[in-house]
Amino acid sequence: MSIDLSSPGCQLVLTFVCQNRPGIVAAASTLLFEEGFNVLEAHQYDDQESGRFFARITFNPVRDERAASVLLEAARAAFVPVAARFGMDWAMRSQAETRRVMLLVSRFDHCLADLLYRRQIGEIPMEVSAIVANYPRSTYAHHDFGDIPFHYLPVTRETKAQQEAAIWDLVQSTQTDVVVLARYMQVLSDELSTRLAGRCINIHHSFLPGFKGARPYHQAHARGVKLIGATAHYVTPDLDEGPIIEQDVERITHADKPEDLVRKGRDIERRVLARALAWHLADRVLPNGRKTVVFKD
Ligand SMILES: Nc1nc2c(c(=O)[nH]1)N[C@@H](CN(C=O)c1ccc(C(=O)N[C@@H](CCC(=O)O)C(=O)O)cc1)CN2
C-alpha cells in the first residue's frame, strides 16, 4: 500500500529556539536530508537583541513506506543530537495532528461565531473541546453548537476561585491544548493565567498598548482617535500585557459614535483573533520573552 507522502499526515513541522551561532541551519537541514526528508518551507530569525535564533521548518519524506507516526518518532529521534549540540528548545509534530481548543465567551458572541464558522469550513483545523460562558445558553440561542459541549459557569467576585477551578478541571478533563478568550470579559487570576501560560490567547478590542481594560471603544471615542484596532495576545497575569501575536486597525472619523466604533471593531476583532489562533495552531508563533516571533503563511 503506497502512502501519499504529500498528505498532511506525512508533513512534519519542526520549531526551535537556541542561542545564535554559525552552522545551526546547515546542521538542521543536513540532518533532515540525511534522514530522507525534503524541506517544504523554512523560516528563520536571528534576534540580535537577545542573541536568540528562531526557526520553523516543514518537511516530508522523499520516499518512505513507514506510517506517519513511525516517521515522526524516527525524525524526532534523529534530531535529538542536533538539538543537544545547539542547546535547542525544540518541538516536532505532524501537521495532521489537530489540536483541541476551548472557547470562552461572555455577552458578545461575534468572535465565537466566527471561529466556529472557520472551523466548519476547514479554514482553521481544530477540534473544539468545549464552549464555556459566564452567560446562560439562551444568550447564544441563535447559535447551533452541534455536538460541542456548552458549559454555563457564572462568576461573581465571591465565586471566582470556584468558577476558575471548574474551568481548569474542564481544561484537563477535555484534554484541551489551547484556550481562547473570545471576548471573555473576566480577568483570569494569576494562578489560572500562569497554568495556561503560552496556550491561552485573548482578543483585546483596542490597538494595544492603548486603551486597556473593559471599555476601550468608549475610551477611544473620548480621546478622539482616528484609528481603532484590535490585538490578539497571549494571556499573562498582567492584564492586557501579554506577548502580542497579531494586530490590525481601521480608520474612523469624528462622525463615528461609540456604537459605530463597536460595530467597526467587531470585524477587526474577528480577523485578528482568527489569524492569531490559526498561526498558533500551525506552530508559526514562537515566544521571544515579552514578545513573539511570527512566521506568517
Ligand atoms: N489574566 C488576564 N486575564 C484576562 C486578560 C489578560 O490580559 N490577562 N484579558 C482579558 C480581556 N480583557 C480585555 O481584553 C478584559 C476583560 C475584562 C476586564 C475587566 O475589567 N473585567 C471585570 C468584569 C467586567 C464584567 O463583568 O463585565 C473584572 O474582571 O472584574 C478587563 C479586560 C480577559 N482576561
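If you're wondering where the values come from, they're calculated on a predicted model, not measured in any experiment.

Glancing now at the pairing of strand β13 (residues 291-294). Judged from the 4 bridges that link them, strand β12 (residues 285-288) and β13 form a sheet pairing that is antiparallel. Note that in β13 the partner of Leu286 across the bridge is Val293. Adjacent in sequence and paired antiparallel, β12 and β13 are bridged by 2 residues, among which Gly289 carries a positive phi angle near 65°.

Right, let's talk about the site of the ligand for a bit. Close to the ligand lie 17 residues, the nearest being Gln186, Leu188, His204, Thr236 and Asp240. Residue Leu188 places a main-chain N or O atom 2.9 Å away from a nitrogen atom belonging to the ligand. Top element by residues in the shell around the ligand is strand β9 (residues 200-204). It accounts for 3 residues. Residue composition of the shell around the ligand, by class: 9 nonpolar, 7 polar and 1 charged.

Next up on the list: the side chain of Thr292. Structurally, Thr292 can be placed in strand β13. At 2.7 Å, the side chain of Thr292 forms a polar contact with the backbone oxygen of Ile244. If we ignore the near neighbours within four places in the chain, the residues touching Thr292 are Tyr234, Pro243, Ile244, Ile245, Val285 and Leu286.

Further remarks concern the domain arrangement of the protein. Under the domain assignment, the protein is made up of domain 1 (8-94) and domain 2 (100-294). Contact with domain 1, which involves 15 residues of that partner, is made by 10 residues of domain 2. Each partner contributes to the roughly 840 Å² buried at the junction of domain 1 and domain 2, and carbon and sulfur atoms together form 46% of this total. A salt bridge links Glu41 to Arg284; its shortest N-O distance comes to 3.1 Å. At the surface where domain 1 touches domain 2, the tally comes to 6 residue pairs in polar contact (both at pLDDT 80 or more). Counting only elements with at least two residues in the side of domain 1 that touches domain 2, the list comes to β1 (12-19), β2 (37-47) and β3 (52-61). Split into classes, the residues belonging to the side of domain 1 that touches domain 2 amount to 6 nonpolar, 3 polar and 6 charged.

Turning next to the sheet that holds β9. With mixed pairing, the 7 strands of this open sheet are ordered in space as β7-β6-β5-β8-β9-β10-β11. Every interior strand has two partners, whereas the edge strands, β7 (150-152) and β11 (244-251), have only one. Neighbouring strand axes in the sheet, compared pairwise and without regard to direction, differ in orientation by 20° on average. Pairing of strand β5 (residues 99-105) with strand β8 (residues 178-181) involves 4 bridges; the strand directions are parallel. Bridging from a neighbouring strand, Leu104 pairs with Leu181 of β8.

Here we take up the state of the cysteines. A disulfide bridge is the covalent bond that connects two cysteines by way of their sulfur atoms. Evaluated as defined, the whole model comprises 0 disulfides. Considering cysteine sulfurs only, Cys111 is the nearest to Cys200, which forms no disulfide, with 14 Å between them.

Before going further, it helps to examine the pattern of salt bridges. Here the structure, examined in full by the defined rule, presents 22 salt bridges. Glu97 is the salt-bridge partner of Arg93, the closest N and O atoms lying 3.7 Å from each other. You can call Glu97 partly exposed: its relative accessible area is 39%. Residues participating in the shared-partner salt-bridge network are Glu246, Asp248, Glu250, Arg271, Arg275 and Lys296.

Remark: helix α6 (residues 216-223) packs on helix α7 (residues 258-281), axes separated minimally by 9 Å, with the N-to-C direction vectors making an angle of 125°. As summarised for this structure, α6 and α7 are arranged oblique, according to the angle between their axes. Like other packed secondary-structure pairs, α6 and α7 cross with a definite hand, here right-handed. In this structure, α6 contributes Tyr217, His218, Ala220 and His221 to the contact, and α7 contributes Pro258, Leu261, Val262, Gly265, Arg266 and Glu269. Across the contact of α6 with α7, the residue classes tally to 5 nonpolar, 3 polar and 2 charged.

Per the UniProt entry, the sites bearing "active site" (unreviewed entry) are Asp240 in this numbering. Within the secondary structure, Asp240 is located in the loop between β10 (227-234) and β11. Since its relative accessible area comes to 8%, Asp240 is described here as buried. If we skip the residues at most four places from it in the chain, Asp240 touches His204, Leu208, Lys212, Gly213 and His233. Of the polar contacts made by the side chain of Asp240, one reaches the side chain of His204; its length is 3.4 Å.

In this section: the packing of aromatic side chains. Applying the stated criterion to the full structure yields 8 aromatic pairs. Aromatic side chains Phe79 and Trp90 sit 5.1 Å apart centroid to centroid with 55° between the ring planes, which places their arrangement in the tilted category. On the criterion of sequence distance, the pair formed by Phe79 in helix α2 (residues 68-86) and Trp90 in strand β4 (residues 89-94) is long-range, its members being 11 residues apart. Among the aromatic side chains, those forming a connected cluster through ring pairs are Phe16, Phe53, Phe79 and Trp90. If you follow Arg137 out to its NZ or CZ, it ends over the ring of Phe150, 5.7 Å from the centre.

Criteria and thresholds
Residues numbered from 1 in each chain as written. Predicted model: local features only at pLDDT ≥ 70, side-chain atom pairs only at ≥ 80, totals over all residues. Heavy atoms only, no water. Pairing = 2+ DSSP bridges. Helix = DSSP H or I, 4+ residues; strand = E, 2+ residues; numbered from the N terminus. Near = heavy atom within 4 Å. Polar contact = N/O pair within 3.5 Å; in protein donor to acceptor, adjacent residues only side chain to side chain. Nonpolar A, V, L, I, M, F, W, Y, C, P; charged D, E, K, R; others polar. Contact = heavy atoms within 4.5 Å. Domains from an automatic or database assignment. Buried area = accessible area lost by both parts, 1.4 Å probe. Salt bridge = Lys/Arg side-chain N within 4 Å of Asp/Glu carboxyl O. Axes fitted to C-alpha atoms, helices over the stretch in contact; angles between N-to-C directions. Disulfide = S-S within 2.5 Å. Buried < 20%, exposed > 50% of the residue type's maximum accessible area, 1.4 Å probe, protein only. Parallel < 35°, antiparallel > 145°, perpendicular 65-115°, else oblique. Left-handed = near helix turned anticlockwise from the far one by under 90°. UniProt positions renumbered as here; feature names shortened; annotations may be inferred. Phe/Tyr/Trp six-rings, centres within 6.5 Å; stacked < 30°, edge-to-face > 60°. Lys NZ or Arg CZ within 6 Å of the ring centre and 35° of its normal.

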